[in-house]
There are 2 protein chains.
Amino acid sequence: MDILKRIEKLRHWLGSNHAEAIVIPSTDPHCGEYVPDHWKIREWISGFTGSAGTAVVTTKDAALWTDSRYFIQATEQLRNSGFLLMKENLPETPTIGEWLSSVLPTGSKVAICGEMFAHQEREKLAKELKKGISIKSFVDPFNDLWDNRPDLPLDKIYKQPIKYVGIGFIEKLNAIRELLKKEQVDNILLCALDEIAWVTNLRGSDVHCNPVFVSYLLIGLDSTTLYVNSQKLSEELLNDLENKNIICKNYKDVFKDLSKLDSLWLDPSSTNQAVYEALKVSPIEKKSPIAFLKSIKNKQEIEGFHQSMLRDGIALVKFMKWLRPAVEKGNETELSISKKLEEFRKEQENYLGISFDTIAAYGFHGAIVHYEPTNETNIAVKPEGFLLLDSGAQYLDGTTDITRTIPLGALTPEMKLNYTLVLKGFIQLGLAKFPEGTCGTQLDILARQFIWKEGKNYLHGTGHGVGSHLCVHEGPHQIRMNNVPAALKAGMTVTDEPGLYLEGRYGIRIENTLLVIPYIETEFGSYLQFEHLTLCPIDKEPILIEMLSRDEIEWLNSYHQTVYEKLSPYLCKEEIEWLKEATKKI
Amino acid sequence: MDILKRIEKLRHWLGSNHAEAIVIPSTDPHCGEYVPDHWKIREWISGFTGSAGTAVVTTKDAALWTDSRYFIQATEQLRNSGFLLMKENLPETPTIGEWLSSVLPTGSKVAICGEMFAHQEREKLAKELKKGISIKSFVDPFNDLWDNRPDLPLDKIYKQPIKYVGIGFIEKLNAIRELLKKEQVDNILLCALDEIAWVTNLRGSDVHCNPVFVSYLLIGLDSTTLYVNSQKLSEELLNDLENKNIICKNYKDVFKDLSKLDSLWLDPSSTNQAVYEALKVSPIEKKSPIAFLKSIKNKQEIEGFHQSMLRDGIALVKFMKWLRPAVEKGNETELSISKKLEEFRKEQENYLGISFDTIAAYGFHGAIVHYEPTNETNIAVKPEGFLLLDSGAQYLDGTTDITRTIPLGALTPEMKLNYTLVLKGFIQLGLAKFPEGTCGTQLDILARQFIWKEGKNYLHGTGHGVGSHLCVHEGPHQIRMNNVPAALKAGMTVTDEPGLYLEGRYGIRIENTLLVIPYIETEFGSYLQFEHLTLCPIDKEPILIEMLSRDEIEWLNSYHQTVYEKLSPYLCKEEIEWLKEATKKI
């Protein structure tokens, strides 16, 4: 088996480098959620393809840590691989540091690839390791070990027009420089690719579903340097950057330049260990300010969201009108309907691709929260039960993220009850009014209160920020059960996506993307509220109307009226008929 | 003026001790909320009598920091005192460390009394001070400086019967020793007086409204030492402690003994700096486990709560029946009705005193959240508007805390609207169902959601734990807007007390004490709910019934039925008539 040979090769490398183990997380040098193929080292060494997991190889053992989403998949994929599955967050599972402390003798060296290891994670590992076991950073050795390793992508970088981004690159740099002065620091290095894309108003296609490009951005008080493979820049773009006094250097040159700096701001959560080791001074460690700046959408970005939501809504209505008759014909599968949805979206202006892998989860697959149909798992979609469809698109002027739970035929009373409970929570969160300074955790119960009364719950977050033609997940704010100390501010986007998952049976999730907007000013301060950006009918068939309160019914009718008014001018007669029915008052 | 002379004396002491400043917080060696008169040094030096504040005296300046609750009072009390008022938490106000850094030359020494300074606060101050300014701990010098300083109280300590505390002293020690073993530490020093009272099952009367006694408790794996003035122990109690192998030593001997320990657990938030300075080893710093153990009430404690709530409810009904006719006669003031309420409570079995200073706030006084009538502020109570009455009692078997907002005559429609909004929040929080692991911050919005929709808010917490014949405020859990990472557990008491305060006009607050109890067990886990412990009618007159939802009306009627059923057997005919009307269905 390939994996066994790879482990053997890696052990040979360990031996030549006097190391007793190597820890391989799923991150790349930019600590993002998605990783270019070039850096899918953990997948290559273990064969495990899930998005989250860490492989550890010692001279004698091999183990892979992943979370409950992937227990079944990892069990299958690791069979006969030589890797032991370590089920994260179970009480009996040791942490990586604990396990290494137990299997390695004192005096051992644990190797990491400095570039592909977040500094924060390196510090955590160091704390967990027993005395006498040390960590050593190496330069990525996998070019030699990995036959046919994919190259880093060379796709061209493109400019986001000012009409979509609203604020120019130079203007953003000036705002960041003011923050540097306030913190009394001379430079900041940005490693997170979406932060670099936002500051520079550039986009790329290096990472699946995320319009970012591989680079580092060093912003000093007087100069700005973009570290990027020059083949990715057109002559026009190069000239443009030169006109803006932006220095372009080779991607790898960043380490040399860092070693010369006297003062630097780093975000330990998004900076890799190799950056830290290149420094001659101690950096100021603090959350990057970009996530917050980026999260507040300006007028043009909000307009872009409205426009892309309109187009997305049109595509979704066309899809939904098509769906039930197609399913009744009996030839559809999870993958075929995903493809069909993509086709409808492709017809729309400014469409650039999906914003994450479509979750088209039929029946019992709906209960697997992060399910994504593949050739191996794909099942037929029948005219009964629920289809959970969580999808989104990248448009040049905005990013979308929407979930609908669509009844394809007969539903049980329990399905209707659960759908209505989730819908009530979805509506009530959207109706929230709250003072400036309120964090998502304080609002979270509005979405959960009704299912909690039934002793039910969902274990994912209720909401996350959405980028403006950027990543579909962005912070710093979230709406979730555990504490995330970032207040909601006017201009932030955030999803509203409660759900309910009954293992082996079905899943329900309803999701719109919302915008935080001002509500009222009173003697008690400024209050905020939400506006629904998503334009798409919410299926009324499963609703137990008698369970809805007056304000919930009013909201649903008013939302549907808006959906109808906004979308119908762009639809043909049959589509309008379908939409009229779908948005009719209850 | 006395204060100026005191400052002069203190400056003389600074000079002789080569210090340039002294920081005097309102805490005592036990870091509690209330302080025996002996340790009211900040009040003595500044003349400011509020519960929270820190005085700082330098060789040239004097300033006092306090929060917004006390801005008006402090302005008046500090007039001509030589103290500058520093309004805490305003953006323009420096912290104590920042201010000292600006007024003191490099090389200065800042004095603190190690015993009367929480270690955690000392560390915070040290971080704020610029380089070159150091902190030095001194032994309390105020015995010499303060003429007629009150002595430490010598009142006798008494035993809480096992029928009320449920778990014996030795049993509690064993549980704590298990925790010590788990943490691999040999000793823990308890400094918080309510923690010592809880562990020892002893009570005292050293602190106003709090049945605690001044002491330290050192629990080792093999021995336990109580450091307390021996005059406070009866011979019987001494024998009893001896039989339990508890060593009793002088209060001040703790420092000598600490210097001999090799291993110690300290809670930095409740331990004073002098303790830290007595040690020869670094302690393990971690929250004391006692707050959590104490917060989970056992069967006997819960029964005690039920019994004391019954008696408290009887007293309150008698008081409420008396109130309106008395007010109509025209001779009542805030102080006279506070006294009357106390008289009704005194008639009850096991009554030992009030659990905090009664807030009888009439009219515009109701808008001052921490108002407490004094001879200077006392006003007549007239047959119109709202009386906000927040009060509680210490019974041998439980502690009570209740607020009612009582209409004494004509109300405006706005008063009724606000009362109804607060009541809705009060009811909805009480109706919450939530999974194990939920923290108060997640529930808080249930109490605020309706007033937030009107752009209104209250800035205090929504709920706190209540001790079992102990402090009326206890942790670790709370229900409030900011994050308090302590989950609610079955057996915890917690108040439910939303409010609304309109400056210069009136205040509204409705408060019951609740008990966390199991709700249901499902495939999603264990769920919790609340039971109302407090038994007292909630005034229906101000309710705008059409604003209540069906579940809110049902709850109120059912609660009132319970109140009637439980209290009426103990009331006379006229009182029963009054209660029947007060608890009639809406």
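Here is a short report on the structure shown in this document.

Definitions and cut-offs
Residues numbered from 1 in each chain as written. Chains lettered and ligands numbered in written order. Predicted model: local features only at pLDDT ≥ 70, side-chain atom pairs only at ≥ 80, totals over all residues. Heavy atoms only, no water. Phe/Tyr/Trp six-rings, centres within 6.5 Å; stacked < 30°, edge-to-face > 60°. Helix = DSSP H or I, 4+ residues; strand = E, 2+ residues; numbered from the N terminus. Buried < 20%, exposed > 50% of the residue type's maximum accessible area, 1.4 Å probe, protein only. Lys NZ or Arg CZ within 6 Å of the ring centre and 35° of its normal. Expected span 1.5 Å × (residues − 1). Arc of directions from axis to C-beta. Contact = heavy atoms within 4.5 Å. Salt bridge = Lys/Arg side-chain N within 4 Å of Asp/Glu carboxyl O. Pairing = 2+ DSSP bridges. Polar contact = N/O pair within 3.5 Å; in protein donor to acceptor, adjacent residues only side chain to side chain. Least-squares fit on C-alpha atoms with pLDDT ≥ 70 in both.

The next thing to look at is the packing of aromatic side chains. Across all of its chains, the model carries 30 aromatic pairs over all chains by this definition. Seen in terms of ring centroids, B:Tyr216 and B:Phe255 are 6.1 Å apart; in terms of plane orientation they differ by 75 degrees. Their pairing is edge-to-face. Of this pair, B:Tyr216 sits in strand E10 (residues 216–220) while B:Phe255 sits in helix H11 (residues 254–258), and the two are 39 residues apart along the sequence. B:Phe255 matches B:Tyr216 in its accessibility class, with the two residues each being buried. The structure contains a cluster of three or more aromatic residues connected by ring pairs, namely A:Trp39, A:Tyr216, A:Tyr251 and A:Phe255. Taking NZ or CZ as reference, A:Lys172 lies 4.0 Å from the ring centre of A:Trp198, over its face.

Below, the discussion takes up helix H15 (residues 334–346) of chain A. Residue and element names in this part refer to chain A. The end-to-end C-alpha separation of H15 is 18 Å, in line with the 18 Å expected for 13 residues at 1.5 Å each. Looking only at H15, the buried set comprises Glu334, Ile337, Ser338, Leu341, Phe344 and Arg345. Angular distribution of buried residues about the axis of H15 spans 120 degrees; they occupy a single face of the element. Facing away from the buried side of H15, by more than 90 degrees, are the exposed residues Lys339 and Lys346. Contacts from the buried residues of H15 go to helix H14 (299–329), strand E15 (351–354), strand E16 (359–362), strand E17 (386–391), strand E18 (393–395) and strand E20 (402–407).

If you walk through the whole model with that rule in mind, you get 61 salt bridges over all chains. For the salt bridge of A:Asp37 with A:Lys40, the shortest nitrogen-to-oxygen distance reads 3.1 Å. Exposure remark for A:Asp37: the relative accessible area of 45% places this residue in the partly exposed category. Among the residues examined, A:Lys40 registers a relative accessible area of 31% and is labelled partly exposed. One salt bridge in this structure joins B:Glu474 and B:Lys297, with 2.4 Å as the shortest N-O distance. Of the two residues, B:Glu474 is situated in strand E23 (residues 474–479) and B:Lys297 in the loop between helix H13 (290–295) and helix H14 (299–329); the sequence distance between them amounts to 177 residues. Of the two residues, B:Glu474 and B:Lys297, neither departs from the other in class, the shared state being buried. Each of the salt bridges in this network shares a partner with another, and the network as a whole consists of A:Asp194, A:Lys294, A:Lys297 and A:Glu474.

In this section: the sheet that holds strand E19 (residues 398–399) of chain A. All names here are of chain A. Taken together, three strands build an open sheet; the order of strands is E15-E18-E19 and the sheet is antiparallel. Both edges of this open sheet fall to E15 and E19, since each of them pairs with a single strand only. Here three bridges tie E15 to E18, and the two strands are oriented antiparallel to one another. Paired with Tyr351 across the bridge in E18 is Tyr395.

Moving on: the interface of chain A and chain B. Taken together, the contact pairs 29 residues of chain A with 29 residues of chain B. Between the two partners, chain A and chain B, sit zero salt bridges. Counting every contact that joins chain A to chain B gives eight residue pairs in polar contact (both at pLDDT 80 or more). Put simply, the parts of the chain that give the side of chain A that touches chain B at least two residues each are strand E21 (433–435), helix H17 (440–453), strand E25 (499–502) and strand E27 (512–522) of chain A.

Residues and elements named next belong to chain B. For helix H5 (residues 119–128), the full list of buried residues reads His119, Arg122 and Leu125. Down the axis of H5, the smallest arc covering the buried residues is 120 degrees, so these residues share one side. The inward-facing, buried residues of H5 abut strand E1 (21–24), helix H4 (96–103), strand E5 (109–113), strand E6 (134–138), helix H12 (273–278) and strand E14 (284–285).

With that settled, the discussion passes to the relation of the copies chain A and chain B. Expressed as a screw operation, the relation of chain A to chain B combines 0.1 Å of axial shift with a rotation of 180 degrees, fitting to an RMSD of 0.1 Å. Considering both components of the superposition, the chain copies are consistent with a two-fold axis. Rotation axis and chain A: the residue whose C-alpha lies nearest the axis is A:Gln442, separated from it by 2.6 Å. With an isologous cut-off of 70% or more, the 100% of interface residues of chain A that recur at the interface of chain B puts this contact in the isologous class.

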